[in-house]
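Read off the chains here:
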Amino acid sequence: MNITKTQVDDLNAIVTVAISKEDYSDKVEKVLADYRKNASISGFRKGAVPMSLIQKQYGKAVLLEEVNKVLQTSLNNYLTTEKLDILGNPLPKVTDSIDWDAENFSFDFELGLAPKFSVDLTAKNNVTKFNVIADDKMLNDQVERIQKQYGKLISQAEVKADFEVRGTFTNEEKGINAPANFGLDIFADKKVAKAFIGKKVGDVVTIGTKGLFDDDHKLMDYLKVGHDDVHGLDINVDFTIEEINEIEKAELNQELLDKLFGPGVLSSVEDLKARIKEDAEAQFAQQADQKFLNDVTDFLIETTKFDLPEAFLKRWIQNVGETPLTAEQAEEEYAKAEKGLRFQLIEGKVMADNNLQITFEDLKAHTAELIKKQMAQFGQLNPSEDEINGIVARVMSNQDEVKRLSEQVMSEKMLGLYKEKVKTKTKEVNYEQFIKEMYGE
């Protein structure tokens, strides 16, 4: 056995595996001997078939199989021993047909090598870290929402300005069939609100979507359309009225506060607003962190320059599946995958440079925290440690879950690193402003 590597350039190499008779002959002979013991061929007793006949009938197939086993094992061991950082898998180099009647064989494999590069987390960047606040308008709106939610619904015969309507938005062409409940003050166009006045259950109001709300993103909530469709959406939708209700708002008294948060936990409207603000801003912080992580990632992909073994990777993509792709299909798949591959390489480099690792204890702690939060949502506020550990053990017995959780833990570690080392400007915004920043508007 002899394995050699020929460096084509910084990103490509050829590994040649030379296999001699000594590397496979004993294995071939053993397999053929086992075949002879169990062969049932007419005219011969079981186990008494001449080896020459076994060799003639099975020899070539066994040779191919055993040589391939030796080839794969030796190639994998070589890559591991030499610590070659490759992209994709070794690709057999197409040569003339192999002479299987020979005793010695030579196989060439193309390798695509990972590039060498550095990542500068301290480089000047255009990333902004957002501090998202719950402003007074949001707090007042949320307090009013609570009052309406716990108030009394009084069914009415026809729509008036301060009533709420329940029904369904429809548009057959766009496939819209979206139940909704709202007050008329949601519309930016006051003419739309007036169109509802005096309508009764069963009536249909046709309205245009262009300029319907002060923020086009609200179309996503009310019409259940995707983000890519809402900008400039200019169609008519029908709203069929199914209920008309006047809402008698609940009084913000101690009884309501105790019902919402437990006896004596809150004692005033100011306490309620403070609680809403705390909960809302905790959620906003998670969204802002995710945007920060995504923006830093995009910045690093854009500014960290390195070449890839592009031609090799396209050939590998073309041949890796059960059904080979055309060159054009491989080109398209490579274009889709390139950004993700660059991200993986950059992430791996950042992890290595900063010694970011995931331990079993990290996974256990992260999983336990997620479980506690989920149980709290269902009113289980003080689960026992044994109960938590039992659930953690079950979750971590699932390899797919372990992979998903590992990605979450690594994202948290990367986020912490970026906050520490990536120097950015900080901008305070309310939630509506943040949503616009999210979508680059």
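Conventions we followed
Residues numbered from 1 in each chain as written. Predicted model: local features only at pLDDT ≥ 70, side-chain atom pairs only at ≥ 80, totals over all residues. Heavy atoms only, no water. Helix = DSSP H or I, 4+ residues; strand = E, 2+ residues; numbered from the N terminus. Rg over C-alpha atoms; globule rule 2.2 N^0.38 Å. Buried < 20%, exposed > 50% of the residue type's maximum accessible area, 1.4 Å probe, protein only. Contact = heavy atoms within 4.5 Å. Areas by Shrake-Rupley, 256 points an atom, 1.4 Å probe, with all protein chains shown as cover. UniProt positions renumbered as here; feature names shortened; annotations may be inferred. Core = buried A, V, L, I, M, F, W, Y, C linked by side-chain atoms within 4.5 Å. Axes fitted to C-alpha atoms, helices over the stretch in contact; angles between N-to-C directions. Left-handed = near helix turned anticlockwise from the far one by under 90°. Nonpolar A, V, L, I, M, F, W, Y, C, P; charged D, E, K, R; others polar. Phe/Tyr/Trp six-rings, centres within 6.5 Å; stacked < 30°, edge-to-face > 60°. Lys NZ or Arg CZ within 6 Å of the ring centre and 35° of its normal. Salt bridge = Lys/Arg side-chain N within 4 Å of Asp/Glu carboxyl O. Pairing = 2+ DSSP bridges.

Overview of the overall build of the chain
Next up, step 1: Helix and strand content of the chain: 14 helices and 11 strands.
Next up, step 2: For a compact globule of 441 residues, the expected C-alpha radius of gyration is about 22 Å, and the chain comes in at 33 Å, more than 25% above that figure.
Next up, step 3: With the C-alpha coordinates of the chain rotated into their principal frame, the extents come out at 100 × 55 × 50 Å.
Next up, step 4: The buried share of the chain, taken over its 441 residues, is 34%.
Next up, step 5: For the chain, restricting intrachain contacts to residue pairs at least 6 apart in sequence, the fraction spanning at least 24 positions comes to 71%.
Next up, step 6: When the accessible area of the chain is evaluated, it comes to approximately 27,200 Å², of which 47% is carbon and sulfur surface.

Focus on the UniProt feature "domain: Trigger factor C-terminal" (unreviewed entry) in the chain
Next up, step 1: The UniProt feature table records "domain: Trigger factor C-terminal" (unreviewed entry) at residues 268-373.
Next up, step 2: Taken end to end, residues 268-373 is 82% helix and 0% strand, and its two terminal C-alpha atoms sit 27 Å from one another.

Brief notes about the nonpolar core
Next up, step 1: Counting 31 residues, the largest nonpolar core has Leu 121, Leu 300, Leu 308, Leu 345, Ile 346 and Tyr 418 as the members making the most contacts within it.
Next up, step 2: Only strand S3 (86-92), helix H8 (269-303), helix H9 (310-320), helix H10 (327-353) and helix H13 (399-421) provide two or more residues apiece to this core.
Next up, step 3: In this view, Tyr 418 contacts Leu 121, Phe 292, Leu 293, Val 296, Thr 297 and Leu 300; residues no more than four positions away in its chain are not counted.
Next up, step 4: Counting 29 residues, the second largest nonpolar core, distinct from the first, contains Phe 196, Tyr 222, Ile 235 and Phe 239.

Remarks on the packing of helix H11 (residues 360-377) against helix H12 (residues 385-395)
Next up, step 1: Here H11 crosses H12 at 115 degrees, and the two axes come no closer than 9 Å. In this structure, the crossing between H11 and H12 has a hand that is right-handed. Residues Lys 364, Thr 367, Ala 368, Ile 371, Lys 372 and Met 375 of H11 form the contact with H12, whose own contacting residues are Glu 387, Ile 388, Ile 391, Val 392 and Val 395.
Next up, step 2: The residue makeup of the contact of H11 with H12, split by class, is 7 nonpolar, 1 polar and 3 charged.

Regarding the packing of aromatic side chains
Next up, step 1: Evaluated as defined, the whole model comprises 18 aromatic pairs.
Next up, step 2: Between Tyr 35 and Tyr 58 the ring centres are 4.9 Å apart and the planes differ by 90 degrees, which places this aromatic pair in the edge-to-face class. One end of the pair, Tyr 35, is in helix H1 (residues 21-38); the other, Tyr 58, is in helix H2 (residues 51-82), and 23 residues separate them in sequence.
Next up, step 3: Taking relative accessible area as the criterion, Tyr 35 reaches 33% and is therefore assigned partly exposed.
Next up, step 4: Ring plane angle 25 degrees and centroid distance 4.3 Å describe the contact between Phe 117 and Phe 306, whose orientation is recorded as stacked. Of this pair, Phe 117 sits in the loop between strand S4 (105-113) and strand S5 (128-133) while Phe 306 is found in the loop between H8 and H9, placing the two residues 189 residues apart along the sequence.
Next up, step 5: We classify Phe 117 as buried; its relative accessible area is 15%.
Next up, step 6: Ring pairs connect the aromatic residues Phe 169, Phe 182, Phe 187, Phe 196, Phe 213, Tyr 222 and Phe 239, which therefore count as one cluster.
Next up, step 7: Between Lys 129 and the ring centre of Phe 292, over which it is positioned, the NZ or CZ distance is 5.9 Å.
Next up, step 8: The ring of Phe 306 is capped by Arg 342, whose NZ or CZ atom sits 4.9 Å from the centre of that ring.

Some thoughts on the pattern of salt bridges
Next up, step 1: If you walk through the whole model with that rule in mind, you get 26 salt bridges.
Next up, step 2: Between Asp 289 and Lys 419 there is a salt bridge; the shortest N-O distance is 3.1 Å. Here the residue Asp 289 occupies a position in helix H8, and Lys 419 occupies one in helix H13, the gap between them amounting to 130 residues.
Next up, step 3: Each member of the salt-bridge network shares a partner with another, and the members are Glu 144, Lys 148, Glu 164 and Lys 249.

A few points about unusual backbone geometry
Next up, step 1: Even without glycine at this site, Lys 83 takes up a positive phi of about 55 degrees.
Next up, step 2: Along the chain, Lys 83 turns up in the loop between H2 and S3.
Next up, step 3: Even without a glycine there, the phi angle at Lys 224 is positive, about 60 degrees.
Next up, step 4: Residue placement: Lys 224 occurs in the loop between helix H5 (218-223) and helix H6 (227-230).
Next up, step 5: Owing to a relative accessible area of 58%, Lys 224 belongs among the exposed residues under this scheme.

What to know about the sheet that holds strand S2 (residues 12-19)
Next up, step 1: Taken in spatial order, the 4 strands of this open sheet run S1-S2-S4-S3, and their pairing is antiparallel. The sheet is open, and its two borders are formed by strand S1 (2-9) and S3, each paired with just one other strand. With direction set aside, neighbouring strand axes in the sheet form an average angle of 20 degrees.
Next up, step 2: Sheet topology places S3 next to S4; 4 bridges connect them, and they run antiparallel. In the sheet register, Pro 92 faces S4, and the bridge partner there is Phe 109.
Next up, step 3: Contacting S2, S3 and S4, H9 crosses the sheet at an angle of about 65 degrees to S3.

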